[in-house]
Amino acid sequence: MLVIDRADALRKQLDAARAGGLRLGLVPTMGSLHEGHLSLVRRAASECDVAAVTIFVNPLQFGPSEDFAAYPRDIDADLGLAEGSGAEVVFVPPVDEMYPDAPRTSVHVAGLTEILEGASRPGHFDGVATIVAKLFNLAGACRAYFGEKDWQQLQVVRQMAADLSFPVEVVACPIVREPDGLACSSRNRYLGPAERTVATVLHRALSGSASALAGGERRGAELRRLMAATVASEPLAALDYAEVCDPATLRPLEAVEGDARLLVAARFGSTRLIDNMGVSC
Ligand code: PAF
């Protein structure tokens, strides 16, 4: 496995692979790799000739009071896990390689980024879209693998790739969950034991609403109320939002008719977790 920390070296390596007729799979991450990330790497490795993983904790997507400095980093463990899952190239740039100067250009995807996560984390998706655009430019034509756990991020990246005509096929991969239902996340490691136990309430809230929908409840307000009530039943959980949205536009639905996405976010102490589930009727 080749470990690269310079942008021009990554570009050359991937251009050469493509020129040799190889298909490229890109897996952008911020490291602290868990089973969710590894499922993306394994899928990229199985569907493409070269799986390239990027590991970069992107300062642009963290607010001033967020956990950029404390975000978990363990590059040695990450390299071993990436290699064990089939990565052939890992790009691990230092911050000044990606942002030699404070960037004056920012990618903003209007409409999708001000709501839900964007309401609690202003500017977050501009930071995500900007770094993903830079990675797409460096990688060139490829398939890029993103987890459905960050459903809103996935829609933002899809929209950006389409609007800016990146030669990139965005591939959505299913959420990977712990045996008790908690969605895998790098931030799960911040949870204390009691918080870890109750954090499954997010999955229970989503499943409860999905069951109500299957039982005939179509009203968005009632499906939201059910999720909020489930989260509220856990004193260690503080609800941020519980929404029923159109899967692509993320507009709140008054009633579910066809496909919808249930999305929740809550704090457990100082740790903020998100989860979501696709439903249809
Ligand atoms: O999902 C993540 O880990 C990050 O938001 C991403 C897409 C790698 C951009 O920094």
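It should be emphasised that the depicted structure is a prediction, and the values quoted were computed from it without experimental measurement.

## Side note on helix α10 (residues 220–232)
- Taking 1.5 Å as the rise per residue, α10 with 13 residues should run 18 Å; its terminal C-alpha atoms sit 18 Å apart, in good agreement.
- Three or more residues of α10 are buried, namely Gly220, Glu222, Leu223, Arg224, Met227 and Val231.
- Summarising the contacts, the buried residues of α10 are in contact with α9 (201–214), β7 (237–245) and β8 (259–268).

## Let's talk about the site of the ligand
- All residues adjacent to the ligand are Pro28, Thr29, Met30, Asn58, Gln61, Ile131, Phe146 and Gln153.
- Computed on the free molecule, the ligand has an accessible area of 290 Å², of which 90% lies beneath the protein chains in the complex.
- Classifying every residue of the shell around the ligand by side-chain character gives four nonpolar, four polar and no charged.

## Side note on the environment of Val41
- Relative to the helices and strands, Val41 is located in helix α2 (residues 35–47).
- When its relative accessible area of 0% is taken as the criterion, Val41 is described as buried.
- Here the alpha-carbon distance between Val41 and Arg196, two residues 155 residues apart in the chain, equals 26 Å.
- Residues contacting Val41, with those up to four places away along its chain left out, are Val27, Ala51, Val53, Ala82, Ser85, Gly86 and Ala87.

## Description of the sheet that holds strand β1 (residues 2–4)
- One open sheet holds the six strands; their spatial order is β1-β4-β3-β2-β5-β6, and the pairing between them is parallel. Strand pairing shows two members of the sheet lacking a second neighbour, β1 and β6 (168–173), which therefore form its edges. Across the sheet, the mean angle from the axis of one strand to that of its neighbour is 25°, orientation sign disregarded.
- Pairing geometry for strand β2 (residues 24–29) and strand β3 (residues 50–55), over six bridges, is parallel. Its bridge partner lying in β3, Leu24 is registered against Val50.
- The sheet contacts of helix α6 (residues 124–139) involve β2, β3, β4 (89–91), β5 (142–147) and β6, and relative to β2 the element is tilted by about 155°.

Conventions used here
Residues numbered from 1 in each chain as written. Predicted model: local features only at pLDDT ≥ 70, side-chain atom pairs only at ≥ 80, totals over all residues. Heavy atoms only, no water. Helix = DSSP H or I, 4+ residues; strand = E, 2+ residues; numbered from the N terminus. Expected span 1.5 Å × (residues − 1). Buried < 20%, exposed > 50% of the residue type's maximum accessible area, 1.4 Å probe, protein only. Contact = heavy atoms within 4.5 Å. Near = heavy atom within 4 Å. Areas by Shrake-Rupley, 256 points an atom, 1.4 Å probe, with all protein chains shown as cover. Nonpolar A, V, L, I, M, F, W, Y, C, P; charged D, E, K, R; others polar. Pairing = 2+ DSSP bridges. Axes fitted to C-alpha atoms, helices over the stretch in contact; angles between N-to-C directions.

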